[in-house]
Amino acid sequence: MTVKDFVQPYFVVEGAGIKHALKSLAGVWHFSIDELLKELARLTETGLDKILLFGVLEKERKDARGSQAYAPNNLVARAAAAVKRAYPALTVITDICLCGYTDHGHCGLTDGQNVLNDETLPLLAAMAVTHARAGADIVAPSAMQDGQVAAIRAALNKAACARTKIMGYSVKYASSLYSPFREAAQSAPAFGDRRSYQMDYRNASQALLETAADIEEGADIVMVKPAHAYLDIIQRVKARFPQMPLAAYHTSGEYMLIKAAAQAGFCDELQTAREILTAIKRAGADWLITYYARAFAECLL
Ligand code: PBG
Ligand code: ZN
């Protein structure tokens, strides 16, 4: 593993002077933009060069359509612009999804019961355009709506953002391993679950179909998520699509399994994390999206 394999996720909030440690995700913080810039001074010294930004919105500003996700000058657009201004060499990836911005916590529009796939696509595309115009290098749609990569690609091209890349969440299973993230992002669904738009983990072959669809729609990078419990899927996707850069998302739950075991004295944290992350890379992942990125970059110095 090298420092260039890693992508560090960050959670951004409105305000100034905020660096708030998260209870659900130990070792991870909510940062206001000014504090994030300070944090990145340390991060970039290690040589780590890729970050993934998630916006966390105050409850009172959420609505049924997730308007703040794609409002002009939205939180993540401002964060991306500030980061690129301060650290032009950093690759800034932004999350494209509505769940952190909707009052019902679903990843798209709903009719109160179902998530409305096609009605959601223009909103995801609009969100991607605001981030791309602000300077995001890569947009990463995690909403799991069919056709989202194609809709975003078309909108980016039309907005003269043809150089902005797309990292598709090609293979994203409906998983119990996202719970700490949902608390951190305040994005848990208020009713039902995400099984109508995320994948069934009993199914392996669908991973290849979903990846092929994302490539066809114009994805530049594909992804498997979760990672540690899905090494078989990572290996199959890499074997079938060796030409595509493949990211694996070592999710919040997978991170906390190691963290909690280490805190209870059952294992050495960094050695265990190193072994598991190496396995994810060995299975075929090119990029490791992990909350351990920062810690690793520091010890790989
Ligand atoms: C939201 C999103 C989730 C994650 C990334 N984007 C949670 C979910 O789908 O409910 C999970 C990340 C993690 O667990 O670290 N679309
Ligand atoms: Zn979502």
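Look up a bit, the structure's there.
So, a few notes on the structure that sits alongside this text. Position numbers for residues start from 1 in each chain and track the written sequence from start to end. To read the labels, note that chains go from A and ligands from 1, taken in the order they are written. Since the coordinates come from a predicted model, pLDDT governs what is reported: local features require at least 70, and pairs of side-chain atoms require 80 or more to be given and counted, while whole-chain, interface and lining totals use all residues. Note that water and hydrogens are dropped before the side-chain values are worked out from all heavy atoms of the structure.

### Some details on the coordination of the zinc ion (ligand 2)
Geometrically, a metal with four donors at the corners of a regular tetrahedron has ideal angles of 109.5 degrees, and one with six donors at the corners of a regular octahedron has ideal angles of 90 or 180 degrees.
Move 1: Metal donors: N, O and S atoms at distances within 2.8 Å, or within 3.2 Å for Na, K and Ca, with water omitted from the atom set so that some sites may seem incomplete. At the metal site, the zinc ion (ligand 2) is ligated by Cys 97 (SG), Cys 99 (SG) and Cys 107 (SG), and these contacts range over 2.1 to 2.3 Å.
Move 2: Classification of the site at the zinc ion (ligand 2) rests on its four donor atoms, whose angles at the metal span 101 to 118°, yielding the label tetrahedral.
Move 3: Along the chain, the residues donating to the zinc ion (ligand 2) fall in the pattern C-x1-C-x7-C. We note that Cys 97, like Cys 99, is buried. A four-donor site is called tetrahedral if each angle lies between 85 and 135 degrees; a four-donor site is square planar, and a six-donor site octahedral, when trans pairs exceed 155 degrees and the remaining angles lie between 65 and 115; all other cases are labelled irregular. Only protein chains enter the accessibility calculation, which uses a 1.4 Å probe. A residue is then buried if its area is under 20% of the maximum for its type, exposed if over 50%, and partly exposed in between.

### Some thoughts on the packing of aromatic side chains
Move 1: Only the six-membered ring of Trp is used, alongside the rings of Phe and Tyr, when aromatic pairs are assigned; centres must lie within 6.5 Å, and planes under 30 degrees apart are stacked while those over 60 apart are edge-to-face, with the rest tilted. For the coordinates displayed, the defined rule picks out 12 aromatic pairs.
Move 2: Summarising the aromatic geometry, the rings of Tyr 249 and Tyr 291 are spaced 6.3 Å apart at their centres and angled 50° between planes, so their arrangement reads as tilted. Of this pair, Tyr 249 sits in strand β10 (residues 246-250) while Tyr 291 sits in the loop between β11 (287-290) and α10 (293-300), placing them 42 residues apart in sequence. Just as Tyr 249 is buried, Tyr 291 falls in that class too.
Move 3: Measuring from ring centre to ring centre gives 6.5 Å for Tyr 292 and Phe 296, while their planes differ by 85°; the resulting arrangement is edge-to-face.
Move 4: Taking the relative accessible area as the measure of exposure, Phe 296 reaches 0% and is therefore buried.
Move 5: The rings of Phe 6, Tyr 169, Tyr 249, Tyr 255, Tyr 291, Tyr 292 and Phe 296 are connected pair by pair, giving a single aromatic cluster.
Move 6: The criterion for a charge sitting over a ring is simple: Lys NZ or Arg CZ within 6 Å of the ring centre, and within 35 degrees of the ring normal. Seen from the ring of Trp 29, Lys 19 lies directly overhead, with NZ or CZ sitting 4.4 Å from the centre. Runs of E in the DSSP output that reach at least two residues are strands. Runs of H or I that reach at least four are helices, and both are numbered from the N terminus.

### With respect to unusual backbone geometry
Move 1: A cis amide bond, omega -10°, links Lys 225 with the succeeding residue Pro 226.
Move 2: Structurally, the position occupied by Pro 226 is in the loop between β9 (222-225) and α7 (231-240).
Move 3: Although it is not a glycine, Met 144 adopts a positive phi angle of roughly 60°.
Move 4: Looking at where Met 144 falls in the secondary structure, it is placed in the loop between β6 (138-141) and α4 (148-158).
Move 5: Using a relative accessible area of 9% as the deciding quantity, one classes Met 144 as buried.
Move 6: Look at Gln 186: it is not a glycine, yet its phi comes out positive at around 50°.
Move 7: Tracing the backbone shows Gln 186 in the loop between α5 (179-185) and α6 (205-217).

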